[in-house]
Every structure is written in structure tokens, then in C-alpha cells.
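Residues per chain, in single letters:
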Amino acid sequence: MNENEDNFESLRRLMVLKQHETPPPGYFNNFSGQVLRRIRAGENVESATLLERLFGPLSGIAKLLKALDAKPVFASGFAGALCLLLLFGIVSAERPDLTPQPMLQADATTTSLAALSPTALSPSASQMGIVSSTNPVLNLQAVASNFGQQIPLAQPVSFKIPNF
Amino acid sequence: MLVQQARRGDLEAYDELIRRYQERIYATVYHMTANHEDANDLAQESFIKAYQALKSFKGGSSFYTWLYRIAVNKTINFLKQRKNRIHLSLNDLDFNTEHNPDLVALISEKTPHREVNLAELQEKLNAALLKLSEPHRLVVVLHDVQGMSHDEIAKIMECNIGTVRSRLFYARQQLQALLADYLK
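Since we're looking at a predicted model, the values are computed, not measured.

Analysis parameters
Residues numbered from 1 in each chain as written. Chains lettered and ligands numbered in written order. Predicted model: local features only at pLDDT ≥ 70, side-chain atom pairs only at ≥ 80, totals over all residues. Contact = placed C-beta atoms within 7 Å. Helix = DSSP H or I, 4+ residues; strand = E, 2+ residues; numbered from the N terminus. Axes fitted to C-alpha atoms, helices over the stretch in contact; angles between N-to-C directions. Parallel < 35°, antiparallel > 145°, perpendicular 65-115°, else oblique. Nonpolar A, V, L, I, M, F, W, Y, C, P; charged D, E, K, R; others polar. Buried ≥ 20, exposed ≤ 12 C-beta atoms within 10 Å, placed from the backbone. Expected span 1.5 Å × (residues − 1). Arc of directions from axis to C-beta. Left-handed = near helix turned anticlockwise from the far one by under 90°.

## Looking at the interface of chain A and chain B
At the interface, 25 residues of chain A touch 37 residues of chain B. Broken down by secondary-structure element, the contributors of at least two residues to the side of chain A that touches chain B are helix 2 (9-19) and helix 3 (27-54) of chain A. If one sorts the elements of the side of chain A that touches chain B by residue count, helix 2 of chain A sits on top with ten residues.

Structure, rendered in C-alpha cells:
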């Protein structure tokens, strides 16, 4: 083996050159810091994925929590918005005079549900026999179809109740 | 002690372990890849993987050997993927290079064919190393560049000492042939 070592003496001297190849000055000052940052970041990602695994269908919540975790300003803004929403809810609930407004303004002819009839509705709707009401008692009259026929809205049906 | 603390999740202890081995791990990866950026990524990833796998470290070998094994396997896998896109990104030679007696002798003796300077020699040497297979390159790097013993290398490469010796011999022969113009 010694003879072999002697044969490679000039190569060994050349290989010394490799030992002088060094990274930029100060490179190792930040090395461990970078590794630890990546380890911590990996742990954060792992906890987030665990959350996503637990609440798979609610991945939106997981994303929101992740965003809140990453940006404290966003988190405080979100908390403030929640507080405002809560206050608004409390104030709204305690106001006694607050009555629900009708969705549509009805005119004088249609204010009474009892007086509701297909003829009181818009012509086209009444002609088609389309009525909308919560009143179960309607004036069921035959309406004219577009083809000049009288279409009864309902046909009287008589059921015979069998005697058991 | 530090390993036990790091196993329990103590990052300060792990920071100490990184500082202890960072230069040797980086150097091994760098000499294997001949690329500073790749070496930086791979060395960092080796430490990260070691931290994540620390719980599975049984202590059958030293932490140092175990860590080396992770870095070496990671590097070899990377090199297999990189096979056809070799890009040298060599570190500068330090200020002591020109005063090293071995290198001074090598340059002043001048090869029969041409004069060389250190930078050119560095590039040729790295190119020749990259022509070796990964196991042969690793043995040369660990033994001739990093000064490890055959026994240490055998533990890292998980092979017997005879294999290390034969790989070293073959690798040196190949290098000598590749660098014949620059060797006396």
C-alpha cells in the first residue's frame, strides 16, 4: 500500500488545493440560523396541515387561521370586526320599535289579503291563473286562456268515503 | 447530552450541534457537487432531515457518523437526478493557497506541456472529480480532502474497509489519468 501511496504523491499534493476552496467570508455565521428558521417554518406547516386534516371540509377556516397566525395586524383587525358585529347585534336586538318592513310596497287595492283575487293582479298574471297568496280562501273563478278557452282554476271533486 | 436535548425538541441544543458540524458537512457536500449553491441547499436540508429523524436515532453509531450518512445519501440522490446538468460554481481559493508548500511546488515545477495557474488547476481538478462515480468521488473527498480514516469512511458508507481501500485506489488511478497533464 505504501508503494501505491508514493505513486499518488503528486496527486495528493494536488488534492490539497481542494482544502483551500472556502465559501464566502461570514457564510457560516448565518448557516445555523437559516437551518433553524426552516425547521420552525416546517413545524408551522406541519401544524397547519394537521388542522387541515382534522377539519378537511373546512379548509377555508384553516387558511384563515393560518393567515391570522402569520399577520398579527390582520388578526387584530379581524377581532375588531367581530366585536363591532357583536355590538351591532346586541343593539339591534334591544330596539323595541324595530318592526320588519314589507319587502314590496303594496297599493290600496291589494292591501287586504281577503280581497285578493286573480283579477286584482296584473292582467297577464291573472290571465295565466297565477296567484300568490297565503290566504287559503281564494275566489276561484275560471280564467280565460290565451286561446279563448275558459280554464277552471279548480274542479269540484266529490269523494265517497267508504263505510267500514 | 446535546443530542438528547435536541431529541426533546430543544432547538438551542440543536443549534450547537449544527455549529459543531456545519463546516465539515458543507465541505463534503461541496466537494461532491462542485457547486456552492447546491451545497448550501443540501447541507441545510441534511441538518433539517437529521432534526426531523432525531427520534429514530438509536445511538448505534455516533451522531457525527449518522449525520454524515444523511448528508451523503441526500447528496448522492441529488447527483443522480442532476446527472446531465453539471454546472460548476466553485468557491474562491483562500489567501493561504499561494503559500501552501505542496501547491507552490506543484506550480513551480511546471508541467512538461504547459504552465498553469491555481485557478485553472482548481477547475481541472473539480472537472476530473466530477467524472468519477459518486462512491469513488466520495471516498477520495472523505479521505484525501477531509482526511478521514478508512474506518470512519467505511462506517459512513456502510461498507467494509477493504471496499473503501479498493475504491480509493481505483479513484486515484482514474484521477491520475485524467490529470496527467498537470501532474509530474
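Still more to cover.
## Section: the environment of B:Q22
Tracing the backbone shows B:Q22 in helix 2 (residues 11-33). Placed 22 residues apart in sequence, B:Q22 and B:Q44 show a C-alpha to C-alpha distance of 8.8 Å. Each residue touching B:Q22, except ones within four places of it in the same chain, is listed here: A:F28, A:F31 and A:S32.

## Some points on the packing of helix 2 of chain A against helix 6 (residues 118-131) of chain B
One way to put it is that helix 2 of chain A packs onto helix 6 of chain B with a least axis distance of 10 Å and a crossing angle of 100°. Taken together, helix 2 of chain A and helix 6 of chain B sit at an angle that is classed as roughly perpendicular. Where helix 2 of chain A abuts helix 6 of chain B, its residues A:L14, A:L17 and A:K18 lie against B:L121, B:Q122 and B:L125. Here the residues of the contact of helix 2 of chain A with helix 6 of chain B sort into four nonpolar, one polar and one charged.

## A closer look at unusual backbone geometry
All names here are of chain B. Phi at A34 takes a positive value of approximately 55°, unusual for a residue other than glycine. Mapping A34 onto the fold places it in the loop between helix 2 and helix 3 (36-52). Phi at E158 is positive, roughly 50°, even though this residue is not glycine. Residue position: E158 is located in the loop between helix 8 (150-157) and helix 9 (161-178).

## Some remarks on helix 7 (residues 134-145) of chain B
Counting buried positions along helix 7 of chain B gives nine out of twelve residues, so the element sits mostly inside the fold. For helix 7 of chain B, the complete set of buried residues consists of B:H136, B:R137, B:L138, B:V139, B:V140, B:V141, B:L142, B:H143 and B:D144. Buried residues along helix 7 of chain B sit against helix 2 of chain A together with helix 2, helix 4 (63-82), helix 6, helix 8 and helix 9 of chain B. Just beyond helix 7 of chain B, the residue with positive phi is B:G147, at close to 70°.

## A short note on helix 9 of chain B
Between its first and last C-alpha atoms helix 9 of chain B spans 26 Å; for 18 residues at 1.5 Å apiece the expected length is 26 Å, and the two agree. Listed in full, the buried residues belonging to helix 9 of chain B are B:V164, B:R167, B:L168, B:A171, B:R172 and B:L175. Along the long axis of helix 9 of chain B, the arc covered by the buried residues comes to 130°, so they all point the same way. Set apart from the buried face of helix 9 of chain B by more than 90 degrees, the exposed residues are B:G162 and B:A177. Tucked inside the fold, the buried residues of helix 9 of chain B contact helix 2 of chain A together with helix 6, helix 7 and helix 8 of chain B.

## Points about the packing of helix 3 of chain B against helix 4 of chain B
Residue and element names in this part refer to chain B. As a packed pair, helix 3 and helix 4 sit with axes 9 Å apart at the nearest point and diverge in direction by 130°. Classified by the angle their axes make, helix 3 and helix 4 are oblique. Both helix 3 and helix 4 take part in a crossing whose hand is right-handed. Between helix 3, through L42, A43, E45, S46, K49 and A50, and helix 4, the contact on the second element is made entirely by L67, I70, A71, K74, T75 and F78. Here the residues of the contact of helix 3 with helix 4 sort into seven nonpolar, two polar and three charged.

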